[in-house]
Structure formats: C-alpha cells, structure tokens
Amino acid sequence: RKEVEQDPGPFNVPEGATVAFNCTYSNSASQSFFWYRQDCRKEPKLLMSVYSSGNEDGRFTAQLNRASQYISLLIRDSKLSDSATYLCVVPHNYGQNFVFGPGTRLSVLP
Amino acid sequence: DTGVSQDPRHKITKRGQNVTFRCDPISEHNRLYWYRQTLGQGPEFLTYFQNEAQLEKSRLLSDRFSAERPKGSFSTLEIQRTEQGDSAMYLCASSLAGQTEAFFGQGTRLTVV
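Since the model is a prediction, treat every value here as computed from it, not as a measurement.

A look at the overall build of chain A
Each helix and strand in chain A was counted, giving zero helices and 11 strands. Along chain A, from the amino end to the carboxyl end, the secondary structure elements read β-β-β-β-β-β-β-β-β-β-β. Scaling as 2.2 N^0.38, a compact globule of 110 residues should have a C-alpha radius of gyration of about 13 Å, and chain A matches this with 13 Å. In terms of its C-alpha atoms, chain A occupies a principal-axis envelope of roughly 40 × 30 × 25 Å. Counting the 110 residues in chain A, one finds 48% classified as buried. Here the analysis covers contacts within chain A between residues at least 6 apart in sequence; of these, 53% occur between residues at least 24 apart. As presented, chain A carries roughly 5300 Å² of accessible surface, and 48% of it is formed by carbon and sulfur atoms. Between the centroid of the 11 positive side chains of chain A and the centroid of its 10 negative side chains there is a distance of 3 Å.

Comments concerning the pattern of salt bridges
As enumerated under the stated definition, the model contains eight salt bridges over all chains in all. For K79(A), the salt bridge identified is with D77(A), shortest N-O distance 2.9 Å. For D77(A), a relative accessible area of 38% corresponds to the partly exposed category. Through salt bridges with shared partners, a single ionic network connects R64(B), E83(B) and D86(B).

Focus on the side chain of S49(A)
On the secondary structure map, S49(A) appears in strand 5 (residues 45-50). Residue classification places S49(A) among the buried positions, given a relative accessible area of 14%. Other than its neighbours up to four places away in sequence, S49(A) contacts F33(A), F34(A), N55(A) and E101(B).

Examining the nonpolar core
Residue and element names in this part refer to chain A. Core analysis: the biggest nonpolar cluster contains 24 residues, and F21, W35, I71, L73, I75, Y86 and L106 have the highest contact counts within it. Secondary structure elements with two or more residues in this core: strand 3 (19-25), strand 4 (33-38), strand 5, strand 7 (60-65), strand 8 (70-75), strand 9 (84-92) and strand 11 (104-109). Among all residues touching Y86, those that are not within four sequence positions of it are Q6, F21, W35, Y36, R37, L47, L73, I75, G103, T104 and L106.

What to know about the confidence of the model for chain B
For chain B, the average pLDDT comes to 92, and 97% of its residues sit at 70 or higher. When pLDDT is averaged over each helix and strand of chain B, the minimum, 85, is found for strand 6 (residues 53-56) of chain B and the maximum, 98, for strand 3 (residues 19-24) of chain B.

Focus on the state of the cysteines
Residues and elements named next belong to chain B. For the coordinates displayed, the defined rule picks out two disulfides over all chains. One disulfide bridge connects C23 with C92, the sulfur atoms lying 1.9 Å from each other. Judged by the sign of its S-S torsion, about -65 degrees, the cystine formed by C23 and C92 is left-handed. Taken together, the positions of C23 in strand 3 and C92 in strand 9 (residues 88-95) put the pair 69 residues apart, joining distant regions of the chain. Overall, C92 belongs to the buried group, its relative accessible area being 0%.

Topic: the sheet that holds strand 7 of chain A
Residue and element names in this part refer to chain A. Strand order in the open sheet made by the five strands is 1-3-8-7-6, with antiparallel pairing throughout. If you trace the sheet from one side to the other, it starts and ends with strand 1 (4-6) and strand 6 (54-57), each paired once. Between one strand axis and the next, the sheet turns through 15 degrees on average, direction left out of account. Two strands pair when backbone bridges link them, and strand 3 and strand 8 are joined in this way by six bridges, in the antiparallel orientation. Across the sheet, C23 pairs through a bridge with I71, a residue of strand 8.

As for the sheet that holds strand 3 of chain B
Residues and elements named next belong to chain B. On the basis of which strands lie adjacent, the open sheet formed by four strands has the order 1-3-8-7 and antiparallel pairing. The outermost strands of the open sheet, each flanked by one partner alone, are strand 1 (5-7) and strand 7 (65-68). Strand-to-strand, the axes of this sheet are offset by a mean angle of 15 degrees, without reference to chain direction. Bridge count between strand 1 and strand 3: three bridges; the pairing is antiparallel. Bridge pairing in strand 3 links Q6 to C23.

Reading the values: the criteria
Residues numbered from 1 in each chain as written. Chains lettered and ligands numbered in written order. Predicted model: local features only at pLDDT ≥ 70, side-chain atom pairs only at ≥ 80, totals over all residues. Heavy atoms only, no water. Helix = DSSP H or I, 4+ residues; strand = E, 2+ residues; numbered from the N terminus. Rg over C-alpha atoms; globule rule 2.2 N^0.38 Å. Buried < 20%, exposed > 50% of the residue type's maximum accessible area, 1.4 Å probe, protein only. Contact = heavy atoms within 4.5 Å. Areas by Shrake-Rupley, 256 points an atom, 1.4 Å probe, with all protein chains shown as cover. Lys, Arg positive; Asp, Glu negative; His and termini not counted. Charge placed at Lys NZ, Arg CZ, Asp CG, Glu CD. Salt bridge = Lys/Arg side-chain N within 4 Å of Asp/Glu carboxyl O. Core = buried A, V, L, I, M, F, W, Y, C linked by side-chain atoms within 4.5 Å. pLDDT = per-residue confidence, 0-100. Disulfide = S-S within 2.5 Å. Pairing = 2+ DSSP bridges. Axes fitted to C-alpha atoms, helices over the stretch in contact; angles between N-to-C directions.

Here it is as structure tokens:
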C-alpha cells in the first residue's frame, strides 16, 4: 500500500457544483495533515491544515477520520478558479518528511 | 518577497554535465526540504535538513545526487553526470520544526537534452 493515496481523477464539474476528494494514508502516527493546491507548472501552495477532526474555511471543508486513516476535502459552490490539482500531504516523523499523494486534478467548467 | 526562493528557475543542460541548484528558505525556518516532481505526479521527497544537519538522505535518487546546507541557511542540490531521466521540477521547501506546514519555492525546472 502506498503511503498516501488519492482519488485518481480528473474531476470535471460545472460551476457551482459540490465536489469531494478522498485521501487515505498508511502512517497511523501522523498527527496533522494538509491539503495543498497546485496550479499547472506552479509550486504547491497550502490550502488547508487539518489538526483535529476537521477544518472549514469558506467554501472548503476538510474532514479527518483517524480510525479509518482517511481525509477528505469538500469544495462547495465551485468556481472556475478552483481548477487545479489538489495534493494530500501527510507529515512523517514530526515533519522530517512531508509525504505527498499523487494529486487529484479538478477542472471546473463554465 | 520573504518566501522561499530558488535559482535558477529553468536549466537546460546536456547529458553528462553537472548542475547545481540553490534554495534560500524563509529566514526563520530551520527545516529545509528538497523534492522532485515529474509530470502528473506529486512531489517526491529527496532529502531534509534541520539547520545545517542533513538528517535524512536515504531517498536521494542515486549517488549522483547530493545536497548541502553549510551554514544552516541556503542550500544547494547538485546532480552529477545528468541523465535524461533527471528532467523534472526540483522543489525546495522550508518549515519550522514540528508538524507545521511547509512552504515551497517556485522550483527549478531541469531539462536534460
């Protein structure tokens, strides 16, 4: 099993839709988790941190299920500008190594 | 701009040449990471420094890859005898100790011809 796995995508959704991405991880010792957004040919940028059961920031909600070792990202009322690749990131060894999932690509269509 | 800075942004080199990339982290960050990213994949961890100490280097792709952070500030990543398979985006990130988020530079895109 890979250390971090994500929905393979791509997801093509119309503007205004709600879309959810899933991520599973293998390291049960990890305490915090991150969702990064990466635009084409750009560097990853932090979207959300998840330290407890979940986090909400505007249209974005992240949920964590430690028992199932599962993290999700929900985007409501999606915008054209949400089109990007979403990377699930799990720190290992207290941040000595951030392990990235392969990413899920989202295209929001007009 | 006080973010992570990488230089150069783009590098084209001939197979067999050596290349060196530089990363300047956010000034108060004591941790520095190097990643490699190929098209359609997430970033792949290469190595990590805490201050000047290289604490994890087992994931460097081969002995042609080496990294330094001599004074605990900027870092360099060197690839010797480049191969076409080394063509990728090389990303540097920095963070504070602990499980806080990492901040990325814009990357160096290497093309080996």
